[in-house]
Amino acid sequence: MADPELQLVARRIRSFPDFPTPGVVFRDISPLLKDPASFRAAIGLLARHLKATHGGRIDYIAGLDSRGFLFGPSLAQELGLGCVLIRKRGKLPGPTVWASYTLEYGKAELEIQKDALEPGQSVVVVDDLLATGGTMHAACELLGRLQAEVLECVSLVELTSLKGREKLAPIPFFSLLQYE
């Protein structure tokens, strides 16, 4: 990890063993959010990756409920784009499309407003962390129902041992930091 910006980001991720359950190591992004330089570096690194990979092909960033909301709007602003929200079911007004999915420790449902995107628009999905891939996979399913093109999914942190990246295939996935 030679990039000084990436090192700055990595230093701001804390680990809490056995949280929320025994055997789980929780990766806490709170110190990154408290430090403007680290947060700015994280957004800049993600934006540079997306510009290099997709150029001007991205129409919107889709932020996932809830910590994806911390990164989605800032990343969208950095790229000069709008941000659409994918929320937990029951949180959005108006007509919505929803999907159920399995979490590491239960089940959940996501939704998006039916008019959030037009068919054919290109979207990048962002969240703080990829674990099993259930949430991002459900988000991609929802975007597909709206006939949007998911160009890529990105996150700050990836827990590689949970193989979430495989669940997203064939959609490309990128993370700044990887942990077992």
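Up top is the structure these notes are about.
Below, the structure is looked at part by part. No experiment lies behind these values; they were computed from the predicted model shown.

Helix 3 (residues 36-54) packs onto helix 1 (residues 4-11) with a crossing angle of 125 degrees between their chain directions and a minimal axis gap of 9 Å. By the criterion of interaxial angle, the relationship of helix 1 to helix 3 is oblique. Crossing geometry of helix 1 relative to helix 3 is assigned as left-handed. Of the residues in helix 3, those in contact with Glu 5, Leu 6, Leu 8 and Val 9 of helix 1 are Ala 37, Ser 38, Ala 41, Ala 42, Leu 45 and Arg 48. Of the residues contributing to the contact of helix 1 with helix 3, the split by class is 7 nonpolar, 1 polar and 2 charged.

Compared with an ideal rise of 1.5 Å per residue, which puts 19 residues at 27 Å, helix 3 spans 26 Å between its outermost C-alpha atoms and is within 8% of the ideal. When helix 3 is considered as a whole, its buried residues turn out to be Ser 38, Phe 39, Ala 41, Ala 42, Ile 43, Gly 44, Leu 45, Leu 46, Ala 47, His 49, Leu 50 and His 54.

Parameters and conventions
- Residues numbered from 1 in each chain as written.
- Predicted model: local features only at pLDDT ≥ 70, side-chain atom pairs only at ≥ 80, totals over all residues.
- Heavy atoms only, no water.
- Axes fitted to C-alpha atoms, helices over the stretch in contact; angles between N-to-C directions.
- Helix = DSSP H or I, 4+ residues; strand = E, 2+ residues; numbered from the N terminus.
- Parallel < 35°, antiparallel > 145°, perpendicular 65-115°, else oblique.
- Left-handed = near helix turned anticlockwise from the far one by under 90°.
- Contact = heavy atoms within 4.5 Å.
- Nonpolar A, V, L, I, M, F, W, Y, C, P; charged D, E, K, R; others polar.
- Expected span 1.5 Å × (residues − 1).
- Buried < 20%, exposed > 50% of the residue type's maximum accessible area, 1.4 Å probe, protein only.

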